[in-house]
Amino acid sequence: MRRTVFNEDHEAFRETIRAFIEAEVVPVYDEWFAAGQAPRDFYYKLGELGIFGINVPEEFGGAGLESHKFEAVLYEETARAGVQFGGSGVHVLLALPYIKMLATDEQKKRFLPKFVSGEEMWAIAMTEPGTGSDLAGMKSTAKLSEDGSHYVLNGAKTFITGGVHADRVIVCARTSAPTAEDRRHGISLFAVDTKSEGYSVGRKLDKLGLKTSDTAELAFVDVKVPVEDLLGEENKGFYYLGHNLASERWGIAFGAYAQAKAAVRFAKQYVQERTVFGKPVAHFQNTKFELAACQAEVDAAEAVADRATEALDAGELTPAEAASAKLFCTEVAHRVIDRCLQLHGGYGYMNEYPIARLYADNRVNRIYGGTSEIMKSIIAKDMGL
């Protein structure tokens, strides 16, 4: 089936990204994997390539485009090569929408040029130890000083992707107590400078997958945050967080589809080259049937992912539609990648093969951004159930 989601500009971008990955990432990716993170200077290269500025207004050094299709190309090309760009996905997919939506003109002038160049890498800190997805239960506090010049931030966060290399972190903290009517009330967002006194990075967490993406614990002890670094209005943070969930879930959905597509590519190549009983593994009927079934699922996921992309770019992707796309694409990827690993036999369990890394990387897709169970709840509610 012919795809219509991409045009000539996207395909030219694809060629550039594919060449960049082959030259700058593939030769050193094993080193990143062993180190558990991409090196900090890699993000400057992404800045030079223009990756961080695609959706940033031209006046702040970006390309001024309002489309997620270039991000979609990135998902496909990194998955195709079996690599990742470290924690940079959070920088663009999660942090940028909040800056664009909430930052004042003065803040944008301060933040965005360094955002585009990679001089300042951003992350977002929501989850806390013991609260998980229950953001309304967060305990971190930010109290306004007596002279009104700054907030005093105290608390801890965990599972913060990009937290090791981050120069700025959007921290969610309580500026007011929750009310009896609304326990979500009182949360505010701050663009915290990680060089601030009292700010510290704890453990770099050892994850099952996403090994090149640095994930950390953060701690704040009497961190002074200038009032100029408050994002949006006080106490409206929970509303702001919900506003960008559709785009976040689209990103997970599209990334999962891209991983499934890559898995079929890896498996097809392997079974054509691997010989057993004097014949290529691809010769056996079971192999053909398994890959054919996987390809059919990938085709369906591609259609769902593309439709969600078009809706997102048009500003029409609803929370329920985003949840549906995430649920479907991540579940398809789970099934397809598992079957493709099986076709690799014992070698599929070895980290030197991209299918093994893909298997581990993919598992979190059904957890973060809202679990599959949460997605089902959202869809059911939209159905009136």
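What you see is a predicted model, and the numbers here were worked out from it, not measured in a lab. (Residues numbered from 1 in each chain as written. Predicted model: local features only at pLDDT ≥ 70, side-chain atom pairs only at ≥ 80, totals over all residues. Heavy atoms only, no water.)

A. Quick look at the environment of Gly315. You can see Gly315 is positioned in the loop between α9 (285-313) and α10 (319-343). In this structure Gly315 comes out as exposed when scored by relative accessible area, which is 67%. For the pair Gly315 and Ser247, spaced 68 residues apart in sequence, the C-alpha separation works out to 9.9 Å. (Helix = DSSP H or I, 4+ residues; strand = E, 2+ residues; numbered from the N terminus. Buried < 20%, exposed > 50% of the residue type's maximum accessible area, 1.4 Å probe, protein only.)

B. Fine view of the pairing of strand β2 (residues 141-144). In the sheet, β2 pairs with strand β3 (residues 150-161) via four bridges, with the strands oriented antiparallel. Across the sheet, Leu144 pairs through a bridge with Tyr151, a residue of β3. Between the antiparallel neighbours β2 and β3 lie five residues, among them Gly148 with a positive phi of about 75°. (Pairing = 2+ DSSP bridges.)

C. Molecular detail of the pairing of β3. With nine bridges joining them, β3 and strand β7 (residues 215-226) adopt antiparallel strand pairing. Residue pairing for β7: Ile160 is matched across the bridge by Ala216.

D. Inspection of the nonpolar core at higher detail. With 109 residues, the main nonpolar core has Val25, Phe42, Leu153, Leu189, Val336 and Cys340 as its most contacted residues. Top contributing element to this core by residue count: helix α8 (residues 245-273), with 15 residues. Excluding its chain neighbours within four sequence positions, the residues that come into contact with Val25 are Phe20, Trp32, Phe42, Val83 and Phe85. (Core = buried A, V, L, I, M, F, W, Y, C linked by side-chain atoms within 4.5 Å. Contact = heavy atoms within 4.5 Å.)

E. Structural detail: α9. Look at α9: 42 Å from first C-alpha to last across 29 residues, which is about the 42 Å you get at 1.5 Å a residue. Within two residues after α9, Gly315 carries a phi angle of roughly 70°, on the positive side. (Expected span 1.5 Å × (residues − 1).)

F. Spotlight on the packing of helix α1 (residues 8-25) against helix α3 (residues 40-49). Viewed as axis vectors pointing N to C, α1 and α3 meet at an angle of 155°, and their least axial separation amounts to 13 Å. As the angle between them shows, α1 and α3 are arranged roughly antiparallel. Of the two possible hands of crossing, α1 and α3 adopt the one that is right-handed. Contacts between α1 and α3 involve Thr16, Ile17, Phe20, Glu24 and Val25 from the former and Phe42, Lys45, Leu46 and Leu49 from the latter. Tallied by class, residues from the contact of α1 with α3 come to six nonpolar, one polar and two charged. (Axes fitted to C-alpha atoms, helices over the stretch in contact; angles between N-to-C directions. Parallel < 35°, antiparallel > 145°, perpendicular 65-115°, else oblique. Left-handed = near helix turned anticlockwise from the far one by under 90°. Nonpolar A, V, L, I, M, F, W, Y, C, P; charged D, E, K, R; others polar.)

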